[in-house]
Amino acid sequence: MTNAADRAPLSNSYDVLIVGAGFAGLYQLYRLRQLGMTALVVEAGDDVGGTWYWNRYPGARCDVTSLEYSYSWSKELENEWEWSELMASQPEIERYAQHVATKFDLRRDIAFNTRVTSAHYDEAANCWRVTTDRGDAVQGRYAVMATGCLSAPMLPNIPGIESYQGVSVQTSLWPRDGVDLAGKRVAIIGTGSSAVQSIPEVAKVAASLTVYQRTPTYTWPANNRPLTEEDQRRVRETYDQLREQERNSIAGIALGLGGALFAPPTAKILELSEDERREALEKHGFSVTRMFADVPTNMEANGVARALYGEMVRRVVRDPETAAALTPSEHPIGCKRAVIDTNYFETFNLPHVSLVDLRKDPIAAITPSGIQTASGSREFDVIIYATGFDAMTGALNRIDIRGRGGEKLTEHWSGGPRNYLGLMVAGFPNLFTITGPGSPSVMSNMMVSIEQHVDWISDSLAYLRDHGIERMEPAIEAEDRWVDHVNNVASGTMYVAESCHSWYLGENVPGKIRQFMPYIGGVGRYRAKCDEIAANGYEGFILEKAAVPAG
Ligand code: FAD
Ligand code: NAP
């Protein structure tokens, strides 16, 4: 199969259907081939890479050291690939995904330009029947949803959005040929990670840039730099130990962003005198607010760090009104995914860059020529929407997934996502989700979590085959217990504080239930739990021989 739009018709039946050709889908396909299973990957895009295929906006790059945000399952790949920077940019990561697909000849089992629209479990035949937007109907004994946690883009529901006559573009659907921003009047809506990375780059070329901000963001300097040969050699020499450390860590990280060995902080900001805090601020700047163990766990400590953060913003941003607007005041540091930037605050000192504080001056409408707020209208040639994703559940819920008895996944999840280990859902036999809600997923270096899930799923499929088992699904009691556990671990933390409104909680999506979706028990502990359950004969799962084998 190629990435040509006019791909060959698909076969009717596979052992496993995989949806998505990002890093999760690619590795899953590789592992299934090793097991001698037939597999088809269905991918909406016209090539591999997932996140790194779709998010081509200026400034897009990794926020984890690339030597760690890379596959660990091929020594040859590990040794031959050279990352040019500490945190690689989108084009380089996309090239890496393409290199993997070519090296392991993965594309021949991927149907590109094809979106899965439905996946229905056929109980009598014990298989998943999948349809696509190109009219395909295929079946697989198993289905693996590698659909991504941040792959369902959100466009805000602002009146008049369709009436705009200029160029409008989403960071998450950025065209491959780019968008001509040179000399243009550009607006950007949003100040999350995608916007924070784009803003300094857009400002370099646009005639003017107006940033529409609803909630100010805590962001920390990336301190990105080119990687030296010495860096690469040092990491290669210790790669095996580093990977092992990642797998047993809290967040899938062994190296810090500087590329040096990372140890979770132990010092406490509340134990420092006022003078010592100031000294630390002078020495570490913004980073001072991330280097103490009590900041994420103790609200008083968090308050101290927030005050220091505000001081740093005022030091960098010259206009006091802009500095005040850019300073987060409501939510705790760390309750949202950390944002990493290069010259974000500095960009607001440029004469052609301005900020509209939507808390004081909300957007009323998008007009044919620009954006209208309470205070008046501004005209733009380009509007960039950096407005985020329906995270974790969005890509799954956009597919009509039905399990036993025709139950819809959206019904099963009407009170918030429920599953066992973040991997399988009661009533949806033989369907696996990679980095789904209820797993460490977005709280980690995703590459580590993706590999752990793919390995666990692949080992499970081998176990089922070797034991003549044809149907696997969680017992509802096991699902209930896991959901309670996920909620209990999060309860009382700043992630669920009333003042925190994050996509982790689904709060950016109108009508979505407020529920903290990822599992914050830590990557290492979670892995141990999954392994223990498998070692105990898949405790909590119902394993059975199907009455009728798959046709
Ligand atoms: P994805 O890469 O999202 O791939 C899913 C694929 O499934 C997509 O190609 C999509 O087209 C396809 N798909 C979805 N639904 C369907 C359907 N119905 N039919 C057919 N195809 C479908 N994580 C980190 O750990 N570190 C980072 O620095 C980092 N940076 C990020 C930067 C951005 C801009 C974004 C958006 C996310 C970032 N992430 C980061 C998270 C990132 O999503 C993961 O690291 C990882 O790339 C996810 O891989 P995946 O294969 O699970 O999903
Ligand atoms: P995001 O963090 O959800 O940010 C979306 C932004 O749009 C927020 O500032 C939000 O404001 C704003 N917004 C949404 N609807 C709006 C509306 N109607 N009016 C005004 N503003 C609106 O999305 P993202 O920036 O794409 O990042 C999502 C996640 O992807 C990140 O947290 C991260 O995990 C990953 N990512 C990582 C990197 C990286 O550094 N490697 C880069 C990009 C993305 P509110 O906050 O007020 O809702």
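The structure presented is a predicted model; accordingly, all values stated were derived computationally and were not measured.

A. Local environment of the sheet that holds strand S14 (residues 370-373). Strand order across the open sheet formed by 3 strands is S13-S14-S15, with antiparallel pairing between neighbours. Looking at strand neighbours, the two that pair on one side only are strand S13 (363-366) and strand S15 (376-379), the edges of this open sheet. Pairs of neighbouring strands in the sheet enclose a mean axial angle of 20 degrees, with direction left out of account. For S13 and S14, the ladder comprises 3 bridges, and the chain directions are antiparallel. Looking across to S14, one finds that Ile366 is bridged to Ile371.

B. Unusual backbone geometry, seen in detail. Phi at Asp105 takes a positive value of approximately 50 degrees, unusual for a residue other than glycine. For Asp105, the position within the fold is in the loop between helix H4 (90-103) and strand S3 (110-111). For Asp105, a relative accessible area of 40% puts it in the partly exposed group. In this structure, Asn113 takes a positive phi of about 55 degrees despite not being glycine. Along the chain, Asn113 turns up in the loop between S3 and strand S4 (116-122). A relative accessible area of 25% places Asn113 in the partly exposed class.

C. Seen up close, the site of ligand 1. Neighbouring residues of ligand 1: 33 residues in total, closest Glu43, Thr51, Asp63, Tyr69 and Met446. Separating an oxygen atom of ligand 1 from a side-chain N or O atom of Glu43 is a distance of 2.7 Å. Within the side chain of Asp63, a nitrogen or oxygen atom sits 2.6 Å from an oxygen atom of ligand 1. For ligand 1, the protein covers 95% of the area, taking 980 Å² as the surface of the free molecule. Listing elements by their share of the shell around ligand 1, those giving two or more residues are helix H1 (23-34), helix H2 (51-54) and helix H14 (446-466).

Each value, and the rule that gives it
Residues numbered from 1 in each chain as written. Chains lettered and ligands numbered in written order. Predicted model: local features only at pLDDT ≥ 70, side-chain atom pairs only at ≥ 80, totals over all residues. Heavy atoms only, no water. Pairing = 2+ DSSP bridges. Helix = DSSP H or I, 4+ residues; strand = E, 2+ residues; numbered from the N terminus. Axes fitted to C-alpha atoms, helices over the stretch in contact; angles between N-to-C directions. Buried < 20%, exposed > 50% of the residue type's maximum accessible area, 1.4 Å probe, protein only. Near = heavy atom within 4 Å. Polar contact = N/O pair within 3.5 Å; in protein donor to acceptor, adjacent residues only side chain to side chain. Areas by Shrake-Rupley, 256 points an atom, 1.4 Å probe, with all protein chains shown as cover.

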